[in-house]
Amino acid sequence: MAIYSFFILNKNAGMVYSREFTNVKIESEKVYNYPLEVKLDKLGCIKFGARDPVKVGHVLISVNGQDVYFDKMDKNRLKMKDMKGAEDVFEYLNNVANYPVQLKFGRAPLTTNDKLVLTGRFFGLYSLAWQLSPVAHSSGIEQIETDQNRLYCFHTITGFKFIAITDSRQQNVENFLRKSYEIFSDYGLKNPFYLNDQPIKSDLFDFHIQLSVDNIDRL
């Protein structure tokens, strides 16, 4: 059981805080024959043709055990190191003589830009759910559940949204979000150097959020 990610959004859908608490690696290795059944973009990301356990959106990590990388000195071409030295990945994969080939794919870590896009989309879904609700004064989305994860959202009267992505078995998440709101009020809003709706950069805030995560079962 675990809390994977934590976000705070302001009333304008701006992300003022984000934190990752676990480094869960999702990787899959598989032997492929020619022609390659998956379609990759220039960044090595699968666009279509994926089969379980490999998923669309996973990126190429290695070819025959050799890590791939972007060569910034050569127009960011995706390359790998083999017995001959550096070689273009797509040229290697287009050569039938190199098959069968063992490819490892994995989910790329979210960048700050990815987080901004995803939280912005959630804000839109939240607003849509609130508007479509047949009941007056709907609280909007409070929880989204998948087979393995849950997303919890605590909406404050001031318009801030506290979001946690957790293991589906994790308990006391609602208490954690309310505790996070208290921490935000104490170490964010009451901080004379904090500007409203701006990203929170405070070691003390980080410490108390981490403390709440570590003690979530006792909140």
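Everything quoted here is computed from the prediction, not taken from an experiment.

Reading the values: rules and limits
- Residues numbered from 1 in each chain as written.
- Predicted model: local features only at pLDDT ≥ 70, side-chain atom pairs only at ≥ 80, totals over all residues.
- Heavy atoms only, no water.
- Pairing = 2+ DSSP bridges.
- Helix = DSSP H or I, 4+ residues; strand = E, 2+ residues; numbered from the N terminus.
- Core = buried A, V, L, I, M, F, W, Y, C linked by side-chain atoms within 4.5 Å.
- Buried < 20%, exposed > 50% of the residue type's maximum accessible area, 1.4 Å probe, protein only.
- Contact = heavy atoms within 4.5 Å.
- Phe/Tyr/Trp six-rings, centres within 6.5 Å; stacked < 30°, edge-to-face > 60°.
- Lys NZ or Arg CZ within 6 Å of the ring centre and 35° of its normal.
- Expected span 1.5 Å × (residues − 1).
- Arc of directions from axis to C-beta.

Caption draft 1: Just the pairing of strand 6 (residues 59–63), in detail. Pairing geometry for strand 6 and strand 10 (residues 101–106), over four bridges, is antiparallel. Within strand 10, the position partnered with Val63 by the bridge is Leu103. Where strand 6 and strand 7 (residues 66–71) come together, two bridges link them in antiparallel fashion. Bridge pairing in strand 7 places Val63 opposite Gln66. Hairpin connection between strand 6 and strand 7: a loop of two residues separates the two successive antiparallel strands, and Asn64 in this loop has a positive phi of roughly 55 degrees.

Caption draft 2: Local environment of the nonpolar core. One finds Phe6, Ile8 and Leu177 to be the most contacted residues of the largest nonpolar core, which totals 22 residues. Elements with a minimum of two residues in this core: strand 1 (3–9), strand 2 (15–20), strand 12 (149–155), strand 13 (161–167), helix 3 (173–189) and helix 4 (203–214). Here the element with the most residues in this core is helix 3; it accounts for five residues. Excluding its chain neighbours within four sequence positions, the residues that come into contact with Leu177 are Phe6, Tyr152, Cys153, Phe154, Phe162, Ile163 and Ala164. Judged by nonpolar contacts, the second largest core, of 17 residues, contains Ile46, Leu60, Val63 and Val68.

Caption draft 3: Structural context of the packing of aromatic side chains. Counted under the stated rule, the structure contains 13 aromatic pairs. With 6.4 Å between their ring centres and 35 degrees between their planes, Phe6 and Phe162 make a pair best called tilted. Here Phe6 is found in strand 1, whereas its partner Phe162 is found in strand 13, with 156 residues between them in sequence. Through a chain of ring-to-ring contacts, three or more aromatic side chains come together here, namely Phe6, Tyr17, Phe154, Phe160, Phe162, Phe176, Tyr181, Phe184, Tyr194 and Phe205. It is Lys161 that lies over the ring of Tyr126; its NZ or CZ is 4.4 Å from the centre.

Caption draft 4: A look at helix 4. With twelve residues, helix 4 extends 16 Å between its outermost C-alpha atoms, agreeing within 8% with the 16 Å of an ideal straight helix rising 1.5 Å per residue. Burial in helix 4 covers these residues: Phe205, His208, Ile209, Ser212 and Val213. Across the axial projection of helix 4, the buried residues extend over an arc of 145 degrees, all falling on one side. Counted as exposed and oriented over 90 degrees from the buried face of helix 4: Asp203 and Asp214. Residues of helix 4 that are buried make contact with strand 1, strand 2 and helix 3.

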